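Tertiary structure, described
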Amino acid sequence: MPNPLITCLWFDGNAAEAAEYYVSIFPDSKITARQVYPQGDSEQHRSAGRDLAVEFELNGHKFVGLNGGPKFRFSPAISFQIICDDQAEIDYYWDKLKEGGDPEAQVCAWVADKFGVSWQVVYKKLPDVLAGEDRARASRAMAKMMGMKKLIVEELENA
C-alpha cells in the first residue's frame, strides 16, 4: 500500500478557525484531531494549551493545519482544485471561499480565501472544451475563460 499523502497548511495561530471554516463548506468533511502545545514551550507566538495542529478531512482528503507562526505565508503558486459538475456548484464554492478573501487574487477560476489559501473552482468539462477537436472553439473558450474571474459555464460552452 502506498504511503498516504497529507497536505500540511501553515497558519499563524488560526488553524482551528480555518479548519472549522473549511469543514463548514465542504460536504463529508470533519475535524479528526487536535494537538496542543505542551507546557514549557517558551516561544512568543506559542502558549501551553493552544492548538499546535488541527487535523481535518475535506471530501476524504486529509489536511493538517499547523500553527507555526508568522514566518511563512500562502501563495497562489499552490492551489487546490475543486472540480464542479455545474454552475450551481461553481457558484456555491466560489461565493463561500471568496468571503473575506483577496479580491485581487480572484482571476480565471482562482480565488484566495480569507486565510490566503488559493483555490481553483473549475468546471469538470472544461478540459474537454479546451482540448476538443474544434480548435477554433477551444481558442474562443480559452479567451473567454482568461477574461473571467468566476467561471460561467454557459459562456464557456457556447464560445
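Just so it is clear, the structure is predicted and the values come from calculations on it, not from any experiment. (Residues numbered from 1 in each chain as written. Predicted model: local features only at pLDDT ≥ 70, side-chain atom pairs only at ≥ 80, totals over all residues. Heavy atoms only, no water.)

Brief notes about the overall build of the protein
Definition in use: Labels follow the DSSP assignment, with helices taken as runs of H or I lasting at least four residues and strands as runs of E lasting at least two, numbered in each case from the N terminus. When a residue's accessible area, from a 1.4 Å probe over protein chains only, is under 20% of the maximum for its type it is buried; when over 50% it is exposed; and in between it is partly exposed. Contacts were defined at the residue level, with two residues in contact if any of their heavy atoms lie within 4.5 Å. Positive: Lys, Arg. Negative: Asp, Glu. His and the chain ends are not part of the count. One atom stands in for each charge, and that atom is NZ of Lys, CZ of Arg, CG of Asp or CD of Glu.
Along the backbone of the protein there are five helices and eight strands. Going from N to C terminus, the protein has its helices and strands arranged as β-α-β-β-β-β-α-β-β-β-α-α-α. Summarising its shape, the C-alpha atoms of the protein cover approximately 65 × 40 × 25 Å along the three principal directions. Across the 159 residues of the protein, 37% fall into the buried class. In the protein, 57% of the contacts between residues at least 6 apart in sequence involve partners at least 24 apart. The protein carries 18 positive and 24 negative side-chain charges, and their two centres are separated by 2 Å.

Here's the deal with the pairing of strand β8 (residues 118–123)
Just so we agree on the cut-off: Pairs of strands are assigned from DSSP output, requiring at least two bridges between the strands.
Extensive coverage of β8 is indicated by the burial of six of its six residues. Side chains of β8 alternate between two faces, with Ser118, Gln120 and Val122 and Trp119, Val121 and Tyr123 buried alike. Here strand β5 (residues 79–84) runs beside β8; their pairing, made up of six bridges, is parallel. Paired with Ser79 across the strands is Ser118, a residue of β8. The pairing of strand β7 (residues 110–112) with β8 spans three bridges and is classified as antiparallel.

Things to note about the sheet that holds strand β1 (residues 7–11)
By definition, the strands of a sheet pair up through backbone hydrogen bonds, in either a parallel or an antiparallel sense. Formally: Every angle, taken between N-to-C directions, lies between 0 and 180 degrees, and every axis is a line fitted to C-alpha atoms, over only the stretch in contact when it is a helix.
Taken together, the four strands give an open sheet; going across it, the order is β1-β4-β3-β2, and neighbouring strands pair in mixed fashion. Of all the strands in the sheet, just β1 and β2 (30–36) have a single pairing partner and so form its edges. This sheet shows a mean twist of 20° between the axes of neighbouring strands, independent of strand direction. In this structure, strand β3 (residues 51–58) lies alongside strand β4 (residues 61–67), joined through six bridges in antiparallel fashion. Residue pairing across strands places Val54 opposite Gly65, the latter belonging to β4.

Section: the domain arrangement of the protein
Heads up, the rule is: What marks off one domain from the next here is an automatic or database domain assignment. Buried area is a sum: the accessible area each of two parts loses on coming together, probed at 1.4 Å, counted once for each and added. Definition used for salt bridges: Asp or Glu carboxyl oxygen within 4 Å of a side-chain nitrogen of Lys or Arg.
We note that the domain assignment places domain 1 (7–67) and domain 2 (80–158) within the protein. In this structure, domain 1 and domain 2 have C-alpha centres spaced 28 Å apart. When the two sides are added together, the surface that domain 1 and domain 2 hide from each other amounts to roughly 1100 Å², 73% of it contributed by carbon and sulfur. Taken together, domain 1 and domain 2 are joined by zero salt bridges.

So, the nonpolar core
To keep things clear, this is the line we draw: The set of buried Ala, Val, Leu, Ile, Met, Phe, Trp, Tyr and Cys residues whose side-chain atoms join them within 4.5 Å is what this entry labels a nonpolar core.
Counting 40 residues, the largest nonpolar core has Tyr22, Ile82, Trp119, Val121, Leu126 and Leu151 as its most contacted members. If you tally residues by element for this core, the top one is helix α1 (residues 15–25), at seven residues. Composition of this core by domain shows at least three residues from each of domain 1 (7–67) and domain 2 (80–158).

Looking at the pattern of salt bridges
All chains considered together, the criterion is met by four salt bridges. Here Lys124 makes a salt bridge to Asp85, at a shortest N to O gap of 3.1 Å. Taken together, the residues span a long stretch of sequence, with Lys124 in the loop between β8 and α3 (126–131) and Asp85 in the loop between β5 and α2 (87–98) at a distance of 39 residues. The shortest N-O distance in the salt bridge between Asp91 and Lys150 comes to 3.0 Å. Placement of Asp91 in helix α2 and of Lys150 in the loop between α4 (135–146) and α5 (153–157) is noted, with a sequence separation of 59 residues between them. Members of the salt-bridge network, linked through shared partners, are Glu20, Arg34 and Asp51.

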